[in-house]
Amino acid sequence: MERLTVKTAPIEGQKPGTSGLRKKTEVFMGQHYLENFVQAIWEGIGGARGKTLVLGGDGRYFNERAAQVILRMAAASGVAKVIVGQNALLSTPAASHLIRTRGTDGGIIMSASHNPGGPDEDFGIKFNTPNGGPAPEEVTTRIYEATKTIEAYEILETQDLDLNRLGETHLADMEVEVVDPVADYALLMENLFDFDAIRKLFDGGFTMRFDAMHAVTGPYAKAIFEDILGAPAGTVMNGEPKADFGGGHPDPNPHWAKALFNTLMDEGGPDFGAASDGDGDRNMILGRGTYVSPSDSLAVLAANAHVAPAYSGGLKGVARSMPTSGALDRVAKKMGLDCYETPTGWKFFGNLLDAGRATICGEESFGTSSDHVREKDGLWAVLLWLNILAKTGRSVREIMQDHWAEFGRIFYTRHDYEAVESDVASDLMDGLRARFDDLPGQSFAGRTVIGADEFAYDDPVDGSHAAGQGIRILFEDGGRIVFRLSGTGTAGATIRVYIEDATDDPARFGEDPQEALAPMIAAADEVAGLHARTGRTGPDVRS
Ligand code: VG1
Ligand code: CO
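Each chain carries its own residue numbering, running from 1 in the direction its sequence is written. Chains carry letters from A onward and ligands carry numbers from 1 onward, assigned in written order. Given that this is a predicted model, residues contribute local features only at a pLDDT of at least 70 and side-chain atom pairs are listed and counted only at 80 or more, while totals for whole chains, interfaces and linings are drawn from all residues.

Should DSSP find at least two bridges between two strands, the strands are regarded as paired. A helix here means a DSSP run of H or I that spans at least four residues, while a strand means a run of E at least two residues long, and both kinds are numbered starting from the N terminus. The strand order E11-E10-E12-E13-E14 describes an open sheet built from five strands, whose pairing is mixed. On the outer flanks of this sheet lie strand E11 (236–237) and strand E14 (290–292), each paired with one strand and no other. Where strand E10 (residues 208–211) meets E11, two bridges bridge the pair, whose relative direction is parallel. Considered in E11, the bridge of aspartate 211 is made with methionine 237.

Structure representation (C-alpha coordinates):
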(Lines give C-alpha, C1' and ligand atoms only; values in the text may rest on other atoms or scores of the structure.)
(Ligands and ions follow the chains in the order given, each with its own letter.)
Protein backbone atom coordinates (compact mmCIF):
# COMPACT_ATOMS: atom_id res chain seq x y z
CA MET A 1 0.00 0.00 0.00
CA GLU A 2 1.69 3.12 -1.14
CA ARG A 3 0.91 6.64 0.00
CA LEU A 4 1.08 9.03 -2.93
CA THR A 5 1.34 12.77 -3.08
CA VAL A 6 -0.28 13.74 -6.35
CA LYS A 7 0.49 17.10 -7.91
CA THR A 8 -2.57 19.05 -8.91
CA ALA A 9 -3.69 22.62 -9.65
CA PRO A 10 -6.73 24.64 -8.61
CA ILE A 11 -9.92 23.95 -10.55
CA GLU A 12 -12.25 26.87 -11.01
CA GLY A 13 -15.77 26.94 -9.59
CA GLN A 14 -15.47 24.61 -6.59
CA LYS A 15 -17.63 26.93 -4.55
CA PRO A 16 -20.24 25.22 -2.36
CA GLY A 17 -23.79 26.56 -2.89
CA THR A 18 -26.96 26.35 -0.80
CA SER A 19 -26.08 22.79 0.16
CA GLY A 20 -22.58 21.63 -0.75
CA LEU A 21 -20.84 21.46 -4.12
CA ARG A 22 -23.05 20.22 -6.96
CA LYS A 23 -21.87 19.71 -10.51
CA LYS A 24 -22.56 17.57 -13.51
CA THR A 25 -21.39 14.02 -12.75
CA GLU A 26 -18.92 14.11 -15.61
CA VAL A 27 -17.36 17.22 -14.10
CA PHE A 28 -17.01 15.48 -10.74
CA MET A 29 -15.50 12.44 -12.48
CA GLY A 30 -13.00 14.65 -14.29
CA GLN A 31 -9.31 14.51 -13.47
CA HIS A 32 -8.53 15.55 -9.87
CA TYR A 33 -11.97 17.17 -9.47
CA LEU A 34 -13.22 15.10 -6.53
CA GLU A 35 -9.73 14.75 -5.07
CA ASN A 36 -9.09 18.50 -5.09
CA PHE A 37 -12.35 19.19 -3.31
CA VAL A 38 -11.84 16.50 -0.68
CA GLN A 39 -8.31 17.71 0.03
CA ALA A 40 -9.77 21.21 0.38
CA ILE A 41 -12.27 19.88 2.92
CA TRP A 42 -9.36 18.55 5.01
CA GLU A 43 -7.79 22.03 4.79
CA GLY A 44 -11.06 23.75 5.62
CA ILE A 45 -11.57 21.74 8.81
CA GLY A 46 -8.04 22.26 10.08
CA GLY A 47 -6.57 19.00 8.84
CA ALA A 48 -7.83 15.43 8.77
CA ARG A 49 -5.27 13.85 11.09
CA GLY A 50 -6.74 11.92 14.01
CA LYS A 51 -10.33 12.71 13.08
CA THR A 52 -13.33 10.39 13.05
CA LEU A 53 -15.74 10.95 10.19
CA VAL A 54 -19.01 9.58 8.85
CA LEU A 55 -19.32 8.82 5.14
CA GLY A 56 -22.32 7.91 3.00
CA GLY A 57 -24.43 9.06 0.11
CA ASP A 58 -27.72 8.74 -1.69
CA GLY A 59 -26.61 5.92 -4.00
CA ARG A 60 -26.56 7.92 -7.20
CA TYR A 61 -24.20 7.15 -10.05
CA PHE A 62 -20.53 7.52 -8.92
CA ASN A 63 -21.55 7.19 -5.23
CA GLU A 64 -19.52 4.11 -4.39
CA ARG A 65 -16.52 5.03 -6.59
CA ALA A 66 -16.37 8.42 -4.91
CA ALA A 67 -16.58 6.74 -1.49
CA GLN A 68 -13.58 4.55 -2.28
CA VAL A 69 -11.56 7.59 -3.31
CA ILE A 70 -12.58 9.53 -0.20
CA LEU A 71 -11.64 6.58 2.02
CA ARG A 72 -8.20 6.27 0.40
CA MET A 73 -7.66 10.00 0.77
CA ALA A 74 -8.81 9.93 4.39
CA ALA A 75 -6.40 7.12 5.19
CA ALA A 76 -3.54 8.90 3.42
CA SER A 77 -4.20 12.09 5.41
CA GLY A 78 -4.23 10.37 8.78
CA VAL A 79 -7.94 10.11 9.55
CA ALA A 80 -8.31 7.78 12.56
CA LYS A 81 -11.66 6.26 11.68
CA VAL A 82 -14.44 6.43 9.12
CA ILE A 83 -17.94 5.15 9.85
CA VAL A 84 -19.46 4.34 6.49
CA GLY A 85 -22.95 3.20 5.56
CA GLN A 86 -23.17 -0.22 3.92
CA ASN A 87 -22.56 0.08 0.18
CA ALA A 88 -21.73 3.73 0.89
CA LEU A 89 -25.41 4.50 1.47
CA LEU A 90 -26.73 6.90 4.09
CA SER A 91 -29.66 9.25 3.90
CA THR A 92 -28.80 12.81 4.84
CA PRO A 93 -30.75 12.71 8.14
CA ALA A 94 -29.28 9.30 9.00
CA ALA A 95 -25.78 10.67 8.38
CA SER A 96 -26.56 13.65 10.58
CA HIS A 97 -27.75 11.31 13.32
CA LEU A 98 -24.64 9.10 13.10
CA ILE A 99 -22.34 12.12 13.27
CA ARG A 100 -24.09 13.15 16.46
CA THR A 101 -24.54 9.82 18.25
CA ARG A 102 -21.00 8.70 17.56
CA GLY A 103 -19.57 12.07 18.59
CA THR A 104 -17.54 12.32 15.40
CA ASP A 105 -15.69 15.27 13.92
CA GLY A 106 -18.23 15.54 11.13
CA GLY A 107 -18.98 13.70 7.94
CA ILE A 108 -19.05 13.75 4.18
CA ILE A 109 -22.37 13.26 2.40
CA MET A 110 -22.30 12.36 -1.27
CA SER A 111 -25.48 13.70 -2.81
CA ALA A 112 -26.95 16.21 -5.17
CA SER A 113 -30.19 15.73 -3.28
CA HIS A 114 -33.27 16.49 -5.39
CA ASN A 115 -31.22 16.87 -8.59
CA PRO A 116 -31.39 13.91 -10.99
CA GLY A 117 -28.51 11.40 -11.06
CA GLY A 118 -26.61 9.42 -13.69
CA PRO A 119 -23.63 9.95 -15.98
CA ASP A 120 -25.30 12.92 -17.67
CA GLU A 121 -26.89 14.34 -14.55
CA ASP A 122 -25.66 15.64 -11.20
CA PHE A 123 -23.37 14.64 -8.35
CA GLY A 124 -22.50 16.47 -5.17
CA ILE A 125 -20.51 16.49 -1.96
CA LYS A 126 -21.06 18.31 1.28
CA PHE A 127 -19.34 18.44 4.60
CA ASN A 128 -21.30 18.35 7.85
CA THR A 129 -19.81 19.60 11.10
CA PRO A 130 -19.73 17.75 14.46
CA ASN A 131 -23.21 19.00 15.38
CA GLY A 132 -24.47 16.96 12.42
CA GLY A 133 -25.43 19.99 10.37
CA PRO A 134 -24.27 21.33 7.02
CA ALA A 135 -21.08 23.35 7.36
CA PRO A 136 -21.80 27.03 8.00
CA GLU A 137 -20.63 29.67 5.54
CA GLU A 138 -17.48 30.30 7.51
CA VAL A 139 -16.36 26.68 6.95
CA THR A 140 -17.49 26.43 3.32
CA THR A 141 -15.60 29.65 2.61
CA ARG A 142 -12.41 28.13 4.04
CA ILE A 143 -12.96 25.04 1.89
CA TYR A 144 -13.51 27.16 -1.20
CA GLU A 145 -10.39 29.23 -0.46
CA ALA A 146 -8.39 26.01 -0.19
CA THR A 147 -9.58 24.89 -3.64
CA LYS A 148 -8.05 28.05 -5.05
CA THR A 149 -4.53 27.40 -3.79
CA ILE A 150 -4.28 23.60 -3.84
CA GLU A 151 -1.05 22.15 -5.22
CA ALA A 152 -1.23 18.47 -4.23
CA TYR A 153 -3.38 15.85 -2.56
CA GLU A 154 -2.62 12.70 -0.61
CA ILE A 155 -4.06 9.32 -1.52
CA LEU A 156 -3.32 5.66 -0.91
CA GLU A 157 -2.76 3.32 -3.80
CA THR A 158 -4.61 0.15 -2.86
CA GLN A 159 -7.53 -2.20 -3.57
CA ASP A 160 -11.14 -1.15 -3.06
CA LEU A 161 -12.67 -2.00 0.30
CA ASP A 162 -15.66 -4.34 0.43
CA LEU A 163 -18.32 -1.88 1.58
CA ASN A 164 -20.99 -4.53 1.45
CA ARG A 165 -19.54 -6.35 4.46
CA LEU A 166 -20.74 -5.02 7.80
CA GLY A 167 -18.21 -4.61 10.59
CA GLU A 168 -14.73 -3.31 11.19
CA THR A 169 -11.82 -3.37 8.81
CA HIS A 170 -8.71 -1.30 8.14
CA LEU A 171 -7.25 0.79 5.38
CA ALA A 172 -3.57 1.19 6.29
CA ASP A 173 -3.75 2.63 9.84
CA MET A 174 -7.28 3.92 9.46
CA GLU A 175 -10.17 2.05 11.03
CA VAL A 176 -13.24 1.62 8.82
CA GLU A 177 -16.58 0.58 10.30
CA VAL A 178 -19.27 -0.41 7.84
CA VAL A 179 -22.69 0.05 9.45
CA ASP A 180 -26.27 -0.78 8.59
CA PRO A 181 -27.51 2.57 7.28
CA VAL A 182 -31.05 2.07 8.59
CA ALA A 183 -30.76 0.57 12.10
CA ASP A 184 -29.74 3.59 14.22
CA TYR A 185 -32.08 5.88 12.36
CA ALA A 186 -35.08 3.56 12.74
CA LEU A 187 -34.40 3.35 16.47
CA LEU A 188 -34.27 7.14 16.71
CA MET A 189 -37.69 7.40 15.03
CA GLU A 190 -39.09 4.78 17.38
CA ASN A 191 -37.93 6.87 20.33
CA LEU A 192 -39.53 10.07 19.03
CA PHE A 193 -42.97 8.83 18.02
CA ASP A 194 -45.83 6.74 19.33
CA PHE A 195 -45.25 3.69 17.17
CA ASP A 196 -47.99 1.73 18.95
CA ALA A 197 -50.58 4.31 17.97
CA ILE A 198 -49.36 4.31 14.36
CA ARG A 199 -49.37 0.50 14.31
CA LYS A 200 -52.98 0.53 15.45
CA LEU A 201 -53.83 3.00 12.72
CA PHE A 202 -52.51 0.61 10.07
CA ASP A 203 -54.18 -2.35 11.80
CA GLY A 204 -57.46 -0.50 11.48
CA GLY A 205 -57.15 -0.45 7.70
CA PHE A 206 -55.61 2.99 7.19
CA THR A 207 -53.95 3.04 3.78
CA MET A 208 -50.80 4.84 2.73
CA ARG A 209 -48.54 5.13 -0.28
CA PHE A 210 -44.95 6.24 0.17
CA ASP A 211 -42.99 7.04 -2.98
CA ALA A 212 -39.25 6.59 -2.41
CA MET A 213 -38.64 7.71 -6.00
CA HIS A 214 -35.94 5.02 -6.42
CA ALA A 215 -33.79 7.05 -4.08
CA VAL A 216 -32.16 6.44 -0.72
CA THR A 217 -35.28 6.30 1.48
CA GLY A 218 -36.51 3.01 -0.02
CA PRO A 219 -34.78 0.75 2.54
CA TYR A 220 -35.58 3.13 5.40
CA ALA A 221 -39.24 3.38 4.47
CA LYS A 222 -39.66 -0.37 3.98
CA ALA A 223 -38.06 -1.10 7.34
CA ILE A 224 -40.03 1.53 9.23
CA PHE A 225 -43.47 1.49 7.57
CA GLU A 226 -43.76 -2.12 6.45
CA ASP A 227 -41.56 -4.13 8.84
CA ILE A 228 -41.84 -2.17 12.08
CA LEU A 229 -45.21 -0.40 11.78
CA GLY A 230 -46.99 -3.22 9.99
CA ALA A 231 -48.21 -1.37 6.91
CA PRO A 232 -48.93 -3.89 4.14
CA ALA A 233 -46.23 -4.78 1.61
CA GLY A 234 -46.54 -2.47 -1.36
CA THR A 235 -47.10 0.60 0.84
CA VAL A 236 -43.65 1.74 -0.29
CA MET A 237 -43.43 2.27 -4.02
CA ASN A 238 -40.23 2.74 -6.07
CA GLY A 239 -38.38 1.40 -3.03
CA GLU A 240 -35.26 0.09 -4.79
CA PRO A 241 -32.52 2.72 -4.82
CA LYS A 242 -31.15 3.13 -8.33
CA ALA A 243 -28.07 4.94 -9.59
CA ASP A 244 -30.19 7.06 -11.94
CA PHE A 245 -33.33 7.09 -9.74
CA GLY A 246 -35.06 5.05 -12.43
CA GLY A 247 -34.55 7.91 -14.87
CA GLY A 248 -36.70 10.17 -12.69
CA HIS A 249 -36.15 13.45 -10.97
CA PRO A 250 -36.09 12.60 -7.23
CA ASP A 251 -37.85 15.75 -6.11
CA PRO A 252 -41.04 15.09 -4.13
CA ASN A 253 -43.45 17.67 -5.47
CA PRO A 254 -46.68 17.45 -7.47
CA HIS A 255 -44.69 17.86 -10.69
CA TRP A 256 -42.00 15.19 -10.28
CA ALA A 257 -44.00 12.80 -8.09
CA LYS A 258 -46.98 13.08 -10.40
CA ALA A 259 -48.02 9.42 -10.29
CA LEU A 260 -48.31 9.48 -6.51
CA PHE A 261 -49.99 12.86 -6.61
CA ASN A 262 -52.62 11.65 -9.07
CA THR A 263 -53.25 8.50 -7.01
CA LEU A 264 -54.02 10.65 -3.99
CA MET A 265 -56.18 13.14 -5.84
CA ASP A 266 -58.47 10.27 -6.79
CA GLU A 267 -61.30 10.03 -4.24
CA GLY A 268 -60.89 6.26 -4.25
CA GLY A 269 -57.19 6.51 -3.44
CA PRO A 270 -55.34 5.81 -0.20
CA ASP A 271 -55.85 7.81 2.99
CA PHE A 272 -52.36 9.23 3.02
CA GLY A 273 -49.49 9.74 0.60
CA ALA A 274 -45.92 10.91 1.01
CA ALA A 275 -42.69 11.05 -0.93
CA SER A 276 -39.08 11.87 -0.29
CA ASP A 277 -36.13 13.09 -2.36
CA GLY A 278 -32.75 11.73 -3.50
CA ASP A 279 -31.06 11.93 -0.12
CA GLY A 280 -34.15 11.58 2.09
CA ASP A 281 -34.30 15.02 3.64
CA ARG A 282 -37.39 16.32 1.81
CA ASN A 283 -41.02 15.29 2.14
CA MET A 284 -44.29 15.85 0.36
CA ILE A 285 -47.51 15.24 2.29
CA LEU A 286 -50.79 14.30 0.62
CA GLY A 287 -54.18 13.25 1.93
CA ARG A 288 -57.01 11.80 -0.09
CA GLY A 289 -57.96 14.63 -2.43
CA THR A 290 -55.67 16.97 -0.51
CA TYR A 291 -52.27 18.47 -1.22
CA VAL A 292 -50.58 19.97 1.83
CA SER A 293 -48.26 22.80 0.87
CA PRO A 294 -44.90 22.49 2.64
CA SER A 295 -45.41 25.83 4.40
CA ASP A 296 -48.79 24.63 5.71
CA SER A 297 -47.30 21.28 6.68
CA LEU A 298 -44.68 23.05 8.77
CA ALA A 299 -47.37 25.08 10.52
CA VAL A 300 -49.56 22.01 11.16
CA LEU A 301 -46.62 20.05 12.57
CA ALA A 302 -45.69 22.90 14.89
CA ALA A 303 -49.28 23.27 16.08
CA ASN A 304 -49.76 19.55 16.73
CA ALA A 305 -46.30 18.18 17.58
CA HIS A 306 -47.23 17.86 21.26
CA VAL A 307 -49.23 14.69 20.49
CA ALA A 308 -45.93 12.90 19.77
CA PRO A 309 -43.95 11.72 22.82
CA ALA A 310 -40.76 13.61 21.90
CA TYR A 311 -42.56 16.95 21.79
CA SER A 312 -45.14 16.45 24.55
CA GLY A 313 -43.40 19.06 26.68
CA GLY A 314 -43.95 21.73 24.02
CA LEU A 315 -41.58 23.48 21.65
CA LYS A 316 -38.71 25.81 22.53
CA GLY A 317 -39.37 27.91 19.48
CA VAL A 318 -39.78 27.54 15.73
CA ALA A 319 -37.98 28.79 12.63
CA ARG A 320 -38.61 29.06 8.92
CA SER A 321 -36.62 30.19 5.93
CA MET A 322 -37.55 33.63 4.63
CA PRO A 323 -39.37 32.46 1.45
CA THR A 324 -41.50 30.04 3.50
CA SER A 325 -45.01 31.36 4.11
CA GLY A 326 -46.09 33.10 7.29
CA ALA A 327 -48.39 30.21 8.27
CA LEU A 328 -45.84 29.17 10.90
CA ASP A 329 -45.73 32.70 12.35
CA ARG A 330 -49.48 32.59 12.97
CA VAL A 331 -49.11 29.36 14.93
CA ALA A 332 -46.15 30.70 16.88
CA LYS A 333 -48.02 33.85 17.79
CA LYS A 334 -51.00 31.97 19.14
CA MET A 335 -48.83 29.50 21.05
CA GLY A 336 -46.54 32.18 22.43
CA LEU A 337 -43.45 30.77 20.72
CA ASP A 338 -40.45 32.62 19.29
CA CYS A 339 -40.40 32.37 15.51
CA TYR A 340 -37.15 32.97 13.61
CA GLU A 341 -36.78 33.87 9.94
CA THR A 342 -33.54 32.61 8.34
CA PRO A 343 -32.04 32.59 4.86
CA THR A 344 -32.69 29.61 2.57
CA GLY A 345 -30.70 26.46 3.35
CA TRP A 346 -30.62 24.21 6.38
CA LYS A 347 -27.22 25.43 7.57
CA PHE A 348 -28.86 28.56 8.98
CA PHE A 349 -31.01 26.59 11.43
CA GLY A 350 -28.05 24.87 13.09
CA ASN A 351 -27.21 27.59 15.59
CA LEU A 352 -30.84 28.04 16.65
CA LEU A 353 -31.19 24.30 17.23
CA ASP A 354 -27.85 24.02 19.04
CA ALA A 355 -28.70 26.96 21.28
CA GLY A 356 -32.09 25.48 22.19
CA ARG A 357 -33.97 28.39 20.68
CA ALA A 358 -35.95 26.34 18.17
CA THR A 359 -37.33 22.81 18.20
CA ILE A 360 -38.99 22.62 14.77
CA CYS A 361 -37.74 24.28 11.58
CA GLY A 362 -38.83 24.19 7.98
CA GLU A 363 -38.63 25.46 4.45
CA GLU A 364 -41.15 25.87 1.66
CA SER A 365 -39.03 23.51 -0.44
CA PHE A 366 -40.52 20.39 1.16
CA GLY A 367 -38.11 20.40 4.10
CA THR A 368 -39.06 20.09 7.78
CA SER A 369 -37.29 18.71 10.79
CA SER A 370 -36.60 19.13 14.47
CA ASP A 371 -33.74 19.19 16.93
CA HIS A 372 -33.39 15.37 16.76
CA VAL A 373 -30.85 15.87 13.94
CA ARG A 374 -29.32 18.92 12.26
CA GLU A 375 -30.71 18.31 8.78
CA LYS A 376 -34.15 18.30 7.35
CA ASP A 377 -35.70 14.89 7.58
CA GLY A 378 -38.30 13.53 5.17
CA LEU A 379 -39.34 10.41 7.06
CA TRP A 380 -39.47 12.30 10.34
CA ALA A 381 -42.10 14.63 8.86
CA VAL A 382 -44.10 11.70 7.50
CA LEU A 383 -43.99 9.93 10.87
CA LEU A 384 -45.03 13.04 12.77
CA TRP A 385 -47.99 13.40 10.41
CA LEU A 386 -48.87 9.74 11.00
CA ASN A 387 -48.57 10.22 14.74
CA ILE A 388 -50.92 13.22 14.53
CA LEU A 389 -53.42 11.34 12.36
CA ALA A 390 -53.30 8.37 14.73
CA LYS A 391 -53.80 10.48 17.84
CA THR A 392 -56.48 12.82 16.53
CA GLY A 393 -58.43 10.37 14.40
CA ARG A 394 -58.84 13.13 11.82
CA SER A 395 -58.11 12.86 8.09
CA VAL A 396 -55.52 15.04 6.39
CA ARG A 397 -58.28 17.11 4.84
CA GLU A 398 -60.00 17.61 8.19
CA ILE A 399 -56.74 18.59 9.81
CA MET A 400 -56.16 21.23 7.13
CA GLN A 401 -59.71 22.54 7.50
CA ASP A 402 -59.36 22.71 11.29
CA HIS A 403 -56.03 24.45 10.91
CA TRP A 404 -57.26 27.13 8.53
CA ALA A 405 -60.35 27.70 10.65
CA GLU A 406 -58.12 28.37 13.62
CA PHE A 407 -55.25 30.28 12.02
CA GLY A 408 -56.54 31.55 8.68
CA ARG A 409 -55.13 30.40 5.35
CA ILE A 410 -52.10 31.59 3.47
CA PHE A 411 -52.28 30.60 -0.18
CA TYR A 412 -48.85 29.73 -1.42
CA THR A 413 -47.07 28.72 -4.59
CA ARG A 414 -43.52 28.66 -5.89
CA HIS A 415 -42.84 29.12 -9.58
CA ASP A 416 -39.44 28.05 -10.89
CA TYR A 417 -37.96 29.29 -14.15
CA GLU A 418 -35.13 26.85 -14.81
CA ALA A 419 -31.98 27.03 -16.93
CA VAL A 420 -32.40 30.73 -17.59
CA GLU A 421 -29.32 32.44 -19.01
CA SER A 422 -27.28 33.63 -16.05
CA ASP A 423 -27.05 37.23 -17.32
CA VAL A 424 -30.79 37.44 -17.89
CA ALA A 425 -31.44 36.22 -14.36
CA SER A 426 -28.99 38.56 -12.68
CA ASP A 427 -30.27 41.53 -14.74
CA LEU A 428 -33.79 40.75 -13.58
CA MET A 429 -32.65 40.77 -9.96
CA ASP A 430 -30.62 43.96 -10.42
CA GLY A 431 -33.60 45.59 -12.10
CA LEU A 432 -35.69 44.96 -9.01
CA ARG A 433 -32.92 46.05 -6.62
CA ALA A 434 -32.72 49.41 -8.34
CA ARG A 435 -36.40 50.09 -7.63
CA PHE A 436 -36.71 49.41 -3.90
CA ASP A 437 -37.40 53.10 -3.20
CA ASP A 438 -39.86 53.61 -6.07
CA LEU A 439 -41.99 50.50 -5.76
CA PRO A 440 -43.98 51.35 -2.61
CA GLY A 441 -47.25 52.96 -3.65
CA GLN A 442 -47.21 51.48 -7.15
CA SER A 443 -49.84 48.93 -8.18
CA PHE A 444 -49.36 45.74 -10.18
CA ALA A 445 -52.31 43.70 -11.40
CA GLY A 446 -54.46 45.67 -9.03
CA ARG A 447 -52.32 45.11 -5.93
CA THR A 448 -50.42 47.91 -4.21
CA VAL A 449 -46.86 47.53 -3.00
CA ILE A 450 -46.15 48.65 0.55
CA GLY A 451 -42.47 47.73 0.81
CA ALA A 452 -39.51 46.22 -1.05
CA ASP A 453 -36.08 45.13 0.17
CA GLU A 454 -33.44 42.44 0.04
CA PHE A 455 -33.34 40.01 2.93
CA ALA A 456 -30.25 39.89 5.11
CA TYR A 457 -29.79 37.86 8.28
CA ASP A 458 -27.91 38.45 11.47
CA ASP A 459 -27.53 35.18 13.30
CA PRO A 460 -28.76 35.82 16.86
CA VAL A 461 -26.40 33.17 18.24
CA ASP A 462 -23.00 33.86 16.69
CA GLY A 463 -23.65 37.29 15.16
CA SER A 464 -22.66 36.21 11.64
CA HIS A 465 -24.18 38.22 8.82
CA ALA A 466 -25.60 36.87 5.53
CA ALA A 467 -26.60 39.42 2.88
CA GLY A 468 -28.31 39.13 -0.51
CA GLN A 469 -30.73 36.40 0.55
CA GLY A 470 -33.69 37.18 -1.69
CA ILE A 471 -35.75 40.16 -2.81
CA ARG A 472 -39.04 40.72 -0.99
CA ILE A 473 -41.93 42.74 -2.30
CA LEU A 474 -44.71 43.24 0.21
CA PHE A 475 -48.26 44.09 -0.84
CA GLU A 476 -51.19 45.47 1.08
CA ASP A 477 -53.47 42.89 2.73
CA GLY A 478 -50.71 40.42 3.49
CA GLY A 479 -49.52 39.57 -0.03
CA ARG A 480 -45.85 38.88 -0.65
CA ILE A 481 -43.66 38.00 -3.63
CA VAL A 482 -40.06 36.87 -3.21
CA PHE A 483 -37.50 36.59 -6.01
CA ARG A 484 -34.39 34.51 -5.45
CA LEU A 485 -31.79 32.73 -7.54
CA SER A 486 -31.24 29.07 -6.76
CA GLY A 487 -27.93 27.95 -5.30
CA THR A 488 -28.26 24.25 -6.07
CA GLY A 489 -28.60 24.13 -9.85
CA THR A 490 -25.89 23.01 -12.25
CA ALA A 491 -27.06 24.58 -15.54
CA GLY A 492 -27.61 28.33 -16.04
CA ALA A 493 -29.69 30.08 -13.41
CA THR A 494 -32.98 29.09 -11.82
CA ILE A 495 -35.23 31.98 -10.83
CA ARG A 496 -37.49 31.09 -7.94
CA VAL A 497 -40.61 33.19 -7.48
CA TYR A 498 -42.36 32.62 -4.16
CA ILE A 499 -45.91 33.96 -4.05
CA GLU A 500 -48.28 34.14 -1.11
CA ASP A 501 -51.48 35.84 -0.06
CA ALA A 502 -53.42 35.54 3.17
CA THR A 503 -57.12 35.23 3.83
CA ASP A 504 -59.17 35.03 7.00
CA ASP A 505 -62.42 34.56 5.08
CA PRO A 506 -63.65 30.98 5.70
CA ALA A 507 -65.61 31.07 2.43
CA ARG A 508 -62.27 31.21 0.57
CA PHE A 509 -60.37 28.47 2.44
CA GLY A 510 -61.25 25.80 -0.12
CA GLU A 511 -60.00 27.70 -3.17
CA ASP A 512 -57.33 26.34 -5.46
CA PRO A 513 -54.08 28.23 -4.70
CA GLN A 514 -53.19 28.87 -8.36
CA GLU A 515 -56.61 30.48 -8.83
CA ALA A 516 -56.64 32.30 -5.52
CA LEU A 517 -53.18 33.65 -6.30
CA ALA A 518 -53.87 34.59 -9.92
CA PRO A 519 -53.67 38.37 -9.28
CA MET A 520 -50.43 37.98 -7.32
CA ILE A 521 -48.97 35.71 -10.02
CA ALA A 522 -49.82 38.39 -12.58
CA ALA A 523 -48.28 41.02 -10.31
CA ALA A 524 -45.04 39.01 -10.10
CA ASP A 525 -44.78 38.96 -13.88
CA GLU A 526 -45.56 42.65 -14.15
CA VAL A 527 -43.26 43.90 -11.46
CA ALA A 528 -40.21 41.93 -12.64
CA GLY A 529 -40.91 41.61 -16.35
CA LEU A 530 -40.51 37.87 -15.86
CA HIS A 531 -41.95 36.66 -19.13
CA ALA A 532 -40.58 39.47 -21.26
CA ARG A 533 -37.07 39.09 -19.89
CA THR A 534 -36.90 35.28 -19.90
CA GLY A 535 -38.86 34.80 -23.10
CA ARG A 536 -40.99 32.22 -21.27
CA THR A 537 -44.74 32.18 -20.97
CA GLY A 538 -44.77 30.47 -17.60
CA PRO A 539 -42.70 28.56 -15.06
CA ASP A 540 -41.13 25.13 -15.61
CA VAL A 541 -42.30 23.90 -12.22
CA ARG A 542 -45.12 25.04 -9.96
CA SER A 543 -45.25 23.69 -6.44
C1 VG1 B 1 -33.05 24.52 -2.62
C2 VG1 B 1 -34.18 24.94 -1.73
C3 VG1 B 1 -33.72 25.12 -0.31
C4 VG1 B 1 -33.06 23.82 0.17
C5 VG1 B 1 -31.95 23.43 -0.78
C6 VG1 B 1 -31.34 22.09 -0.45
O7 VG1 B 1 -32.06 25.54 -2.65
O8 VG1 B 1 -34.78 26.12 -2.20
O9 VG1 B 1 -34.79 25.48 0.51
O10 VG1 B 1 -32.54 23.97 1.46
O11 VG1 B 1 -32.46 23.34 -2.12
O12 VG1 B 1 -32.30 21.09 -0.47
P13 VG1 B 1 -31.95 26.59 -3.85
O14 VG1 B 1 -30.75 27.42 -3.51
O15 VG1 B 1 -31.83 25.80 -5.09
O16 VG1 B 1 -33.22 27.35 -3.82
V17 VG1 B 1 -31.83 19.51 -0.82
O18 VG1 B 1 -33.04 18.51 -0.43
O19 VG1 B 1 -31.51 19.69 -2.46
O20 VG1 B 1 -30.42 19.31 -0.02
CO1 CO C 1 -32.39 16.61 -0.30
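This part covers the environment of glycine 313. Checked against the element boundaries, glycine 313 lands in the loop between helix H10 (294–304) and strand E15 (318–321). Residue glycine 313 is classed as exposed on the basis of its 9 C-beta neighbours within 10 Å. Measuring from C-alpha to C-alpha, the distance between glycine 313 and aspartate 430 comes to 46 Å, with 117 residues separating the pair along the chain. Counting other C-beta atoms within 10 Å of its own, a residue is labelled buried from 20 upward, exposed at 12 or fewer, and partly exposed in the gap between, with every C-beta atom placed from the backbone.

One open sheet holds the four strands; their spatial order is E16-E15-E17-E18, and the pairing between them is mixed. On the outer flanks of this sheet lie strand E16 (339–342) and strand E18 (367–370), each paired with one strand and no other. This sheet shows a mean twist of 15 degrees between the axes of neighbouring strands, independent of strand direction. Across three bridges, the pairing between E15 and strand E17 (residues 360–363) is parallel. Its bridge partner being in E17, valine 318 is matched across the sheet by isoleucine 360. The axes used here are C-alpha line fits, helices contributing only the stretch in contact, and every angle between their N-to-C directions lies in the interval 0 to 180 degrees.

A separate point is the packing of helix H7 (residues 195–203) against helix H13 (residues 378–392). One way to put it is that H7 packs onto H13 with a least axis distance of 9 Å and a crossing angle of 70 degrees. Overall, the two elements H7 and H13 adopt an arrangement that is roughly perpendicular. Taken together, the residues of H13 that come into contact with H7 (itself represented by Ala197, Ile198, Lys200 and Leu201) are Leu386, Asn387, Leu389, Ala390 and Lys391. In terms of residue class, the contact of H7 with H13 is built from six nonpolar, one polar and two charged. An angle counts as roughly parallel when it lies under 35 degrees, as roughly antiparallel when it exceeds 145, as roughly perpendicular when it falls between 65 and 115, and as oblique in every other case. Once C-beta atoms are placed from the backbone, any two residues with those atoms within 7 Å are in contact. Gly is put with the polar residues, along with every residue not named as nonpolar or charged; the nonpolar set is Ala, Val, Leu, Ile, Met, Phe, Trp, Tyr, Cys and Pro, and the charged set is Asp, Glu, Lys and Arg.

For an α-helix the count is 3.6 residues per turn, leaving residues at separations of three or four pointing the same way. When you tally the buried positions in helix H4 (residues 92–101), you get nine out of 10 residues, the bulk of the element. Here H4 has its buried residues at Thr92, Pro93, Ala94, Ala95, Ser96, His97, Leu98, Ile99 and Arg100. Of the residues trailing H4, glycine 103 is marked for its positive phi of about 55 degrees.

Predicted confidence across the protein gives a mean pLDDT of 96, with 100% of residues reaching 70 or more. Both scores are given for the predicted complex: the pTM is 0.94, the ipTM 0.97. In predicted models, pLDDT denotes the confidence assigned by the predictor to each residue on a 0 to 100 scale.

In this section: unusual backbone geometry. Phi at asparagine 87 takes a positive value of approximately 55 degrees, unusual for a residue other than glycine. Structurally, asparagine 87 is set in strand E4 (residues 81–89). Given 20 C-beta atoms within a 10 Å radius, asparagine 87 is considered buried. Phi angles above zero are rare outside glycine, and alanine 445 is one such case at about 45 degrees. Here alanine 445 is to be found in the loop between strand E20 (443–444) and strand E21 (447–454).

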